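# Structural overview
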Amino acid sequence: MSTASVGVRVAFLGLGHMGLPMARNLVAAGYEVHGFDLVPSAVEAAEAAGIPVAESGADAVATADVVITMFPAGRHVLDAYRTELLAAARADTLFIESSTIAVDEARAAHALALAAGHRNIDAPVSGGVVGAENGTLAFMVGGSDEDFAAALPLLEVMGRRIVHCGGPGLGQAAKVCNNMVLAVSQIAVAEAFVLGERLGLEHQALFDVVSQASGQCWSISTNCPVPGPVPTSPANRDYQPGFAGALMAKDLGLALQAIEQTSTDARMGRLAQELYAAFAAGEGAARDFSGIITDIRDGSIGR
């Protein structure tokens, strides 16, 4: 148990596939964690894990030193901040916003928190459910130096790589750029495997070349989209997420919003958003985002 965790009470709001293992890791490190979630099954899972769950978000944050939110979208964050969380929290509470939301939404949340007498950082994550379970997430943080330093002991429990990207909203800016790269590379890897199949290449042979050559990337070395070469990849679990296609489509929607707001010529990003939107409109919504290879293989994307 770290001395930094002694006596620190954390309210963790959003106990889904990512939030619950993150909260469990904080408990294991000695933090006093109280949770809240609107979904009954998430509440049951948290209670089964030994995490007390409050009756409301306001109750969860009322005596907290730190509030961590992991919500589906920016509107949920802003609504919760405006309607109950900021008013219920004690003065100078540190709010760590770990949802993936738009940059302007993160800055709006930051402004609301400061106006209510609190501190706030945006700290979206990368690494998926496995990273959340193993405490190996990457955190991209936007906020002041002082607030980053205050949050760092908690982030180091939940993650392995923590980068202070700059002021408010810049953690989300880094996240949207990272996930645009990830989406483009996952599509490219999927297309390469389909092309290899049609040229007569065995999956393992192509993996052995690309994973050790200039095409090497996370999308092949960790998230290889075909069964076999990487036993832990979702392809070997019938594309159970992982990181679901619906979430990638949502993140690319945020990327498209940023592209348009900044008048950036990002044609690959736009195409990736289009392809993942089509993928998520069907069975891909609940499948791992690497499962887009199935739609590429049968040519169903864009029909």
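Structure: above.
Now for a look at the structure at hand. (Residues numbered from 1 in each chain as written. Predicted model: local features only at pLDDT ≥ 70, side-chain atom pairs only at ≥ 80, totals over all residues. Heavy atoms only, no water.)

Below, the discussion takes up the pattern of salt bridges. Taken as a whole, this structure holds 7 salt bridges when the rule is applied. Salt-bridge contacts for E197 lead to R297; the nearest nitrogen and oxygen are separated by 2.8 Å. Of this pair, E197 sits in helix α8 (residues 170–199) while R297 is found in helix α13 (residues 292–298), placing the two residues 100 residues apart along the sequence. Taking the relative accessible area as the measure of exposure, E197 reaches 26% and is therefore partly exposed. With a relative accessible area of 31%, R297 lands in the partly exposed category. A salt bridge links R267 to D265; the nearest nitrogen and oxygen atoms lie 3.3 Å apart. Taken individually, R267 and D265 each receive the classification exposed, so the pair is uniform in this respect. (Salt bridge = Lys/Arg side-chain N within 4 Å of Asp/Glu carboxyl O. Helix = DSSP H or I, 4+ residues; strand = E, 2+ residues; numbered from the N terminus. Buried < 20%, exposed > 50% of the residue type's maximum accessible area, 1.4 Å probe, protein only.)

Right, let's talk about the nonpolar core for a bit. F12, M22 and F139 are the most contacted members of the largest nonpolar core, which has 35 residues in total. For this core, the elements supplying multiple residues, two or more each, are β1 (9–13), α1 (19–28), α2 (40–48), β3 (66–69), β4 (94–97), α6 (128–134), β7 (137–142) and α7 (145–158). No other element matches α7, which puts 5 residues into this core. Residues contacting F139, with those up to four places away along its chain left out, are M22, S98, A123, P124, V125, L155, M158, G159, R161, I162 and V163. L182, V230, Y239 and I293 belong to the second largest nonpolar core, which has 30 residues in total. (Core = buried A, V, L, I, M, F, W, Y, C linked by side-chain atoms within 4.5 Å. Contact = heavy atoms within 4.5 Å.)

This part covers the packing of α8 against helix α11 (residues 245–262). Orientation of α8 relative to α11, taken along the N-to-C sense of each, is 115°, at an axis distance of 9 Å. Here α8 runs over α11; the crossing is left-handed. Contacts from K175, V176, N179, M180, L182 and A183 of α8 reach α11 at M248, D251, L252, L254, A255 and I259. Grouping the constituent residues of the contact of α8 with α11 by class yields 9 nonpolar, 1 polar and 2 charged. (Axes fitted to C-alpha atoms, helices over the stretch in contact; angles between N-to-C directions. Left-handed = near helix turned anticlockwise from the far one by under 90°. Nonpolar A, V, L, I, M, F, W, Y, C, P; charged D, E, K, R; others polar.)

This part is about the side chain of D251. Turning to its location among the elements, D251 is positioned in helix α11. Among buried charged residues, D251 stands out as having no salt bridge; its nearest opposite-charge side chain is K175, 4.1 Å away. Each residue touching D251, except ones within four places of it in the same chain, is listed here: T100, K175, V176, N179 and F243. (Lys, Arg positive; Asp, Glu negative; His and termini not counted.)

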